Amino acid sequence: WDSERVVAAAVPWEHIRDIGLLKAFGQTVWQTLLKPGRFFGSLGAPRKLGLAVAFYLVVTALQTYMFQAWMQLFPESVSGFGGFPGNAVLSSSGLAIILVAALVWLLFLAAVTGLSVLLLRLISGRVTPVPAIMRVMAYASAPMLLGVIPFIGVVLGQIWAMLLFVLGCKHAFRLKFFAAVVAFL
């Protein structure tokens, strides 16, 4: 058993037990942001969907928490920045915000996944498994961590996440760029 070889060849987040939570999270974010072609191209067959969704929930919870923190510190400056599911629930405080936002983010993940599966089938004629699309979408959420940057981080993170989803579909499913863009729409 060579855990270093296994971890290097796979999604680090899906090997939390081998390398630890923080290291797995950091390596997955790093690979997703800086080596998306290699990362998404190596996703392989859909598996460990629960871990991918957990990654997505950690990222979106951190983004929601940071957005809430910026709203508390700079309510006038941040109030104009929207653009993510869960905005409407941010008038309260505490854990309830993150839990409700997590539910909204999960619904968003499911809706975008379903729409992408349908669009990929229409544009390419192939059936792409729902778990495979959901894994790409979950890991493509990593840039949303830019929400730690006040004011513009949420917007930049979401734009980058959208681009990563397109690149992720292109590399994970060996699509032409146009087909990957249509999957995102």
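One structure accompanies this document, and this report is about it. (Residues numbered from 1 in each chain as written. Predicted model: local features only at pLDDT ≥ 70, side-chain atom pairs only at ≥ 80, totals over all residues. Heavy atoms only, no water.)

**Comments concerning the overall build of the chain**
Quick reminder of the rule: Strands are runs of DSSP state E lasting at least two residues, helices are runs of H or I lasting at least four, and both sets are numbered from the N terminus onward. Think of it in three bands: with a 1.4 Å probe and only protein chains considered, a residue is buried below 20% of the maximum accessible area for its type, exposed above 50%, and partly exposed in between. Two residues form a contact once any of their heavy atoms are found within 4.5 Å. Only the protein chains shown count as cover for residues, with accessible areas throughout obtained via the Shrake-Rupley method and a probe of 1.4 Å.
Each helix and strand counted, the chain has ten helices and zero strands in total. In the chain, the succession of helices and strands from N to C terminus is α-α-α-α-α-α-α-α-α-α. Looking at the 185 residues of the chain, the share that counts as buried comes to 42%. A sequence separation of at least 24 residues applies to 64% of the contacts in the chain between residues at least 6 apart. Surface summary for the chain: the accessible area is close to 9,400 Å², and the carbon and sulfur share equals 71%.

**Things to note about the nonpolar core**
Nonpolar side chains in soluble globular proteins generally cluster together in the buried interior. Quick reminder of the rule: What is meant by a nonpolar core is a set of buried Ala, Val, Leu, Ile, Met, Phe, Trp, Tyr and Cys residues, joined one to another through side-chain atoms within 4.5 Å.
Phe 40, Phe 55, Tyr 139 and Phe 173 are the most contacted members of the largest nonpolar core, which has 40 residues in total. Listed by contribution, the elements that provide at least two residues to this core are α3 (21–34), α4 (36–41), α5 (49–73), α7 (95–124), α8 (130–139), α9 (153–172) and α10 (177–184). Each residue touching Tyr 139, except ones within four places of it in the same chain, is listed here: Val 11, Trp 13, Glu 14, Thr 28, Thr 32, Phe 39, Phe 40, Leu 43, Leu 51, Ala 52 and Phe 55.

**Things to note about the packing of aromatic side chains**
Rules: The pairing test for Phe, Tyr and Trp rings, Trp by its six-membered ring, is centres within 6.5 Å, and the orientation test on the planes gives stacked under 30 degrees, edge-to-face over 60, and tilted for anything in between.
Summed over all chains, the structure comprises eight aromatic pairs. Each ring, one from Trp 13 and one from Phe 25, has its centre 5.7 Å from the other, and the planes form 70°; the classification is edge-to-face. Taken together, the residues span a long stretch of sequence, with Trp 13 in the loop between α1 (3–9) and α2 (16–19) and Phe 25 in helix α3 at a distance of twelve residues. Across this residue pair, the class does not change: Trp 13 and Phe 25 are buried. Here Trp 13 and Phe 55 contribute two aromatic rings whose centre-to-centre distance is 5.6 Å and whose plane-to-plane angle is 70°, an arrangement assigned as edge-to-face. In this pair, Trp 13 sits in the loop between α1 and α2 while Phe 55 sits in helix α5, placing the two residues 42 residues apart along the sequence. We classify Trp 13 as buried; its relative accessible area is 4%. Taken together, the ring pairs connect Trp 13, Phe 25, Phe 39, Phe 40, Phe 55 and Tyr 139 into an aromatic cluster.

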